[in-house]
Every structure is written in C-alpha cells, then in structure tokens.
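For reference, the chains in residue letters:
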Amino acid sequence: MAYLSINPHTGEQVFSADNLTQSEVYEQLKLSKERFSVWKESSFKQRRDLISSVAALLEENVESYAELITKEMGKLKSEAMAEVLKSASGCRYYADNAESFLGDQLVDSNSDRVLITYQPLGSVLAVMPWNFPFWQVLRCASAAIMAGNCVLLKHASNVGLCAQAIEQLFLDAGAENGVFINLLISSSQVADVISDSAICSVALTGSEAAGRSVAAAAGKAIKRSVLELGGSDPFIVLADADLEMAVTNAVKSRFMNAGQSCIAAKRFLIEDSVADIFIQLFKEKVEELVVGDPLDGMTTLAPMARKDLCVELDEQVSQALESGAELVVGCEYSAESGCFYPASILDRVSPGMRVYTEEVFGPVASVIRVKDEEEAVAVANSSRFGLGGSVWTKDIKKGENIARALECGSAFVNSMVKSDPKTPFGGVKESGYGRELSAYGIKEFVNIKTLSIKNEISTS
Ligand code: NAP
C-alpha cells in the first residue's frame with residue numbers, strides 16, 4: 001500500500017506518496033552503508049551534539065510538531081505535545097548517558113588487559129507504528145545513532161508526514177545525509193530490505209503479525225532483531241484498593257490516545273466484592289469524557305487513527321456482546337461516526353470472547369470479575385501477551401508480590417504502566433523480545449566485543 005494519511009477528525013487527505021521503487025530503495029541502502037563507514041568513527045561528542053540538537057529542535061517547535069501529529073493520526077494536541085517533549089527527553093537521556101553506557105569495561109588487568117567494548121553494528125532498520133509517531137521512532141533512533149549506527153525508518157503508511165518531518169528534523173539538527181533516512185516503502189518490501197547487506201539489525205514496534213514476518217526475515221538473514229509488540233495489560237483492583245485513585249488511573253490508562261497504546265490497561269481484573277462499586281465509579285468518569293476536535297483544548301477523547309480500526313474494534317465488541325458480555329456504557333458504533341468510537345465499558349468478559357484473548361486497541365475497557373488475588377494473577381498470566389501490568393491495593397507488600405508474579409516486562413503498584421527513558425521497556429511472550437530505553441536498550445544496537453591485550457611479550 002502506498003502512503004496515505006487522512007485527518008481522522010476532518011476526513012481530509014493530508015499526505016500521499018508512492019512507495020519507493022526497488023532501485024530507489026537500493027540507492028538509499030547504499031547511501032546508508034557509505035555514511036556508516038564514516039559515522040562509526042564519530043566521537044561521542046559529535047553524536048551528543050547531533051542528538052542534543054534534535055532534542056532542542058523538538059522543544060523549540062513542540063506546537064508545530066504536535067499539530068502535525070494531531071492532523072495526521074488524530075491524538076489530542078495536549079497528548080501530542082507531551083509526546084514531542086517526551087521524545088526530546090529520550091534524546092537528551094541518550095545524548096547525556098551513551099558514553100558512560102558504552103565506555104570500555106576493564107575485566108582483568110593482571111597479565112593481560114581484558115576489556116569489554118561496545119562497537120556500532122551498521123545500519124539499523126526501524127519499522128515503526130503510527131500510535132506514537134514521534135516517540136517510537138526517536139526512542140529507537142536516538143539510541144542507535146548515539147551508539148554510532150545509521151538508521152533507516154520504515155514508518156507506518158498512515159503517518160508519512162511525520163516520517164518526513166523527522167527526517168528533516170535530523171537534517172536541521174546537523175545530521176549528514178544518510179545518518180537518518182526516511183524510507184517510504186510498503187510492509188511487503190521490508191523483508192527484502194532486511195536481507196540487504198547494508199542492514200545489520202531491525203527494530204520493529206508493531207503488531208504480532210508484523211512481528212512474525214519481521215522476525216522470520218531477520219532469522220532467515222541471521223540478523224539481530226528487537227520486537228516491541230502488542231499487549232493486553234491487566235489492571236488488577238483488589239478489595240482494599242483506593243477505588244477513587246484506581247478509577248482515575250483506569251480512565252487515563254485506558255482512554256488516553258483513544259485507547260491506542262500498547263501499554264494501555266486493557267483487562268480490568270476486579271475483585272468481586274468491589275466490582276459493582278468500581279464499575280459504577282468507572283462509568284461515571286467515562287461518561288464525563290468529551291469527544292470532539294482533537295485540536296480543541298476542551299476535548300478529552302480523541303478520534304481513532306483510521307476508520308478501519310473502528311470497524312475492527314466494533315467487531316470485537318459485538319462478538320463479546322453476542323457471547324454474554326454486559327454493556328455498561330458506549331459500545332454503539334455506526335459508519336457515520338467515522339473515526340469516533342464511543343468510550344465503552346464491557347462487564348463480565350470471559351474466555352471465548354475476542355476482547356478476552358486479543359489485544360483491544362481502542363477506547364473499550366473489558367471488566368473481568370475475579371474472586372481473589374490468586375485468580376487475578378492466574379487470569380492476568382493466562383494471556384499470550386506479557387507487556388505490562390498494574391495492581392491496585394493499600395497493602396504495598398501484597399502489591400509487590402503480585403507485581404513480581406505478573407509475567408510481563410513492566411509491573412506497577414498503585415500507578416499506571418508507563419515508559420521512562422531510564423528504565424528498560426519491552427515484553428515477554430508474544431509481546432516481543434529485546435529491550436528499548438535505558439542502558440539495556442542501547443546495547444541492542446552494538447557489537448559487545450571482548451578485547452584481550454597481552455601486556456608483556458615473553459621473548460624466551
Ligand atoms: P502494525 O500494523 O504492525 O504496523 C507497524 C509497522 O509495521 C508499520 O510500519 C507497518 O507498515 C509495518 N508492518 C505491518 N505488517 C508488516 C509485515 N508483515 N512485515 C513488515 N512490516 C510490517 O501495527 P500498528 O497498527 O501500526 O501499531 C499498533 C500495534 O503496535 C499494536 O499492536 C500495539 O500494541 C503495538 N505497539 C507496541 C509498542 C511496544 O513498545 N511494545 C508500542 C506501540 C505500539 P504499514 O503501515 O505499511 O503496514
């Protein structure tokens with residue numbers, strides 16, 4: 001599919017472009033490879049200057065980048081501004097810390113000097129999604145480039161404008177041609193690109209389906225891959241939780257970005273004894289959400305990014321209702337509503353329903369009632385996903401034990417799941433493998449090389 005962006009609020013086409021031809025792709029790969037042969041010798045100061053300038057430009061132009069994001073994929077302007085600023089902070093984090101993460105480590109200095117060194121790998125292909133069109137790209141690219149690699153971006157086909165803006169951002173920040181390339185290709189061209197000798201590694205953030213094909217292509221070519229895939233994060237509310245706090249966070253975690261976040265709370269596992277009151281409070285707060293123009297500061301629920309995503313979400317919801325789930329609020333969608341799916345809650349969700357087993361990527365909360373904390377953990381871990389999870393209780397020790405028992409990459413007690421440049425981010429099970437962010441994230445993009453140097457040469 002060629003690149004096509006339709007403003008989800010107005011229905012206007014805001015961008016279109018053909019995919020690059022095979023020979024155009026080859027030219028870009030060649031450019032990236034040639035640039036890498038120079039960029040790999042860059043000093044940490046040169047890299048820091050570049051990535052710090054990227055951060056500064058993001059901060060200076062936060063309004064215009066945010067409006068671009070909102071126009072192209074529909075998120076609230078306030079959320080888009082937060083995304084741009086978070087992208088800047090991610091860049092600054094790697095600009096400031098990469099040198100200490102990747103400095104030589106002395107292992108043994110007796111007879112031999114043995115070192116662990118971290119060297120750049122080559123050109124990294126970043127295959128990225130539309131839901132955080134700046135943050136996902138920049139958290140990966142800032143790490144890869146600070147490690148001395150070059151990056152080629154294959155962005156999602158509905159955010160071509162953001163992709164172009166990010167390429168221009170790198171050029172404006174002083175990147176030499178080829179350090180960061182926007183590659184306008186279709187998903188069916190990705191495997192060929194991965195197999196090209198210019199590419200050393202691929203980082204994908206996206207769905208399970210994309211993960212399977214990218215991992216297969218990387219495996220076939222024996223190249224490194226990092227997969228950041230979908231999730232169905234549990235939000236466990238125990239009987240002793242502060243329900244007001246839990247509900248406030250439930251609304252934020254489920255409905256921000258119109259529910260289109262990998263680490264959104266998706267399955268609300270509520271202890272039976274507080275389920276009715278939790279649902280009542282949740283419903284009241286959800287009904288206060290204001291649907292409308294995402295550029296308008298009064299709007300609190302954005303449209304979804306594309307109409308086809310609303311249609312798919314509605315199929316999941318309809319199947320749940322037909323299978324016995326109870327409608328608490330919302331759940332009614334028609335084609336005339338365009339990209340606006342109503343804020344919805346389903347109660348008594350159970351196995352066999354698509355919303356129980358699949359990722360629900362939109363503004364729909366699924367409540368699953370559980371009898372106690374053991375059942376909550378068992379249901380939470382029954383998912384094939386393992387990205388994040390949260391638990392809400394006044395008993396901090398119990399909360400910590402449950403958080404430790406969750407099969408996921410990030411578990412939170414009494415706060416919603418979020419990412420932070422300082423902590424590793426990623427999943428287990430079908431949520432993917434490898435890590436982004438923190439010292440762990442940057443090490444996905446280096447050759448961890450042992451260097452052993454004999455201090456003295458015996459001549460006898
Ligand atoms: P998607 O459809 O998988 O697309 C993601 C990227 O992969 C796009 O650039 C897409 O290109 C490409 N792609 C799709 N199918 C492919 C294939 N078979 N081979 C190679 N590339 C392929 O996902 P999305 O709808 O953009 O994003 C939503 C998904 O991303 C959700 O599952 C969400 O949970 C996940 N996500 C995960 C994280 C995380 O950190 N774990 C963060 C954000 C989002 P086209 O657009 O051209 O198809």
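Residue indices begin from 1 for each chain and proceed along its sequence in written order. Only residues with pLDDT of at least 70 get local features here, since the model is predicted, and only at 80 or more are side-chain atom pairs given and counted; chain-wide, interface and lining totals rely on the full set of residues. Just so you know, side-chain values use all the structure's heavy atoms and leave hydrogens and water out.

## Brief notes about the overall build of the protein
Link 1 in the chain: Secondary structure elements follow DSSP: runs of H or I of four or more residues count as helices, runs of E of two or more count as strands, with numbering from the N terminus. Helix and strand counts for the protein come out as 15 helices and 20 strands.
Link 2 in the chain: Over its C-alpha atoms the protein spans a radius of gyration of 23 Å, differing by no more than 12% from the 23 Å that the globule rule assigns to 460 residues.
Link 3 in the chain: Projected onto its principal axes, the C-alpha coordinates of the protein cover approximately 80 × 55 × 40 Å.
Link 4 in the chain: The cut-offs for exposure are 20% and 50% of the maximum accessible area for each residue type, with area from a 1.4 Å probe on protein chains only; residues under the lower value are buried, those over the upper are exposed, and the others partly exposed. Counting over 460 residues, the protein shows a buried share of 55%.
Link 5 in the chain: Contacts are residue-level and defined by heavy atoms, with any inter-residue pair within 4.5 Å sufficient. Sequence-distant contacts in the protein: of pairs separated by 6 or more residues, those separated by 24 or more amount to 72%.
Link 6 in the chain: With an accessible surface of roughly 18,700 Å², the protein has 51% of that area assigned to carbon and sulfur atoms.
Link 7 in the chain: Within the protein, one finds 43 positive and 61 negative side-chain charges whose respective centroids are separated by 6 Å. Radius of gyration here uses only the C-alpha atoms, and the compact-globule reference equals 2.2 Å multiplied by the residue count raised to the power 0.38. For the area figures, the Shrake-Rupley method with a 1.4 Å probe applies, and any residue is considered shielded solely by the protein chains shown. In this count, Lys and Arg are taken as positive residues and Asp and Glu as negative ones, while His and the chain termini are left out. Throughout, a charge is located at the NZ atom of Lys, the CZ atom of Arg, the CG atom of Asp or the CD atom of Glu.

## Thoughts on the packing of helix H9 (residues 243–255) against helix H10 (residues 272–287)
Link 1 in the chain: Axes here mean lines fitted to C-alpha atoms, for a helix over just the part in contact, with angles spanning 0 to 180 degrees between N-to-C directions. Where H9 contacts H10, the axes come no closer than 9 Å and their chain directions differ by 55 degrees. Taken as axis vectors, H9 and H10 run oblique relative to one another. Along this stretch, H9 crosses H10, giving a crossing that reads as right-handed. Together, Leu243, Glu244, Ala246, Val247, Thr248, Ala250, Val251 and Phe255 of H9 and Val274, Ile277, Phe278, Leu281, Phe282, Lys285 and Val286 of H10 make up the contact between the two elements.
Link 2 in the chain: The classification used treats Ala, Val, Leu, Ile, Met, Phe, Trp, Tyr, Cys and Pro as nonpolar, Asp, Glu, Lys and Arg as charged, and all other residues, Gly among them, as polar. Looking at the contact of H9 with H10 residue by residue, the classes come out as 12 nonpolar, one polar and two charged. Should an angle fall under 35 degrees it is called roughly parallel, over 145 degrees roughly antiparallel, and 65 to 115 degrees roughly perpendicular, with every other angle called oblique. Crossing handedness is read from the near helix: turned anticlockwise from the far helix by less than a right angle, it gives a left-handed crossing, and turned clockwise, a right-handed one.

## As for the pairing of strand S4 (residues 112–120)
Link 1 in the chain: Both strand S3 (residues 105–108) and S4 contribute to a ladder of three bridges, which runs antiparallel. Paired with Leu106 across the bridge in S4 is Leu115.
Link 2 in the chain: Should DSSP find at least two bridges between two strands, the strands are regarded as paired. Between S3 and S4, which pair antiparallel and follow one another directly, the connecting turn spans three residues.
Link 3 in the chain: Where S4 lies against strand S20 (residues 446–454), nine bridges are found, and the strand directions are antiparallel. Each residue of the ladder has a partner; that of Asp112, found in S20, is Lys454.

## Some words on the pairing of strand S13 (residues 344–347)
Link 1 in the chain: Burial along S13 is two-sided: the face carrying Ser344 and Leu346 and the face carrying Ile345 and Asp347 are both buried.
Link 2 in the chain: Here strand S12 (residues 326–329) runs beside S13; their pairing, made up of three bridges, is antiparallel. Across the sheet, the residue bridging to Val329 is Ile345, located in S13.

## Focus on the packing of helix H5 (residues 135–146) against helix H6 (residues 160–172)
Each pair of packed helices can be described by the angle between their axes along with the distance between the axes.
Link 1 in the chain: Put simply, H5 and H6 touch, their axes get as near as 12 Å, and they point 35 degrees apart. Judged by the sense of rotation from one axis to the other, the crossing of H5 with H6 is right-handed. Seen from H5, the contacting residues are Val137, Leu138, Ala141 and Ile145; seen from H6, they are Ile166, Leu169 and Phe170.
Link 2 in the chain: Of the residues in the contact of H5 with H6, the class split is seven nonpolar, no polar and no charged.

## A short note on the environment of Gln280
Link 1 in the chain: One can find Gln280 in helix H10.
Link 2 in the chain: By relative accessible area, which is 39% here, Gln280 ends up partly exposed.
Link 3 in the chain: C-alpha separation for the pair Gln280 and Lys33, spaced 247 residues apart in sequence, amounts to 58 Å.
Link 4 in the chain: Pairing of N or O atoms within 3.5 Å defines a polar contact, subject to two protein rules: one partner must be a possible hydrogen donor and the other a possible acceptor, and residues neighboring in sequence count only if both atoms are side-chain atoms. Looking at Gln280, its side chain comes within polar contact range of the side chain of Glu284, at 2.9 Å.

## Description of the nonpolar core
Link 1 in the chain: Throughout this description, the term nonpolar core refers to a set of buried Ala, Val, Leu, Ile, Met, Phe, Trp, Tyr and Cys residues connected via side-chain atoms within 4.5 Å. Core analysis: the largest hydrophobic core is formed by 109 residues, its most contacted members being Leu58, Phe134, Ile145 and Phe170.
Link 2 in the chain: When residues of this core are assigned to their parent elements, the largest contribution, 10 residues, is made by helix H4 (residues 77–102).
Link 3 in the chain: Excluding residues within four positions of it along the chain, Ile145 makes contact with Trp39, Arg47, Leu50, Ile51, Val151, Phe170, Val179 and Phe180.
Link 4 in the chain: In this structure, Ala241, Ala246, Leu289 and Ile345 belong to the second largest nonpolar core, which totals 28 residues.

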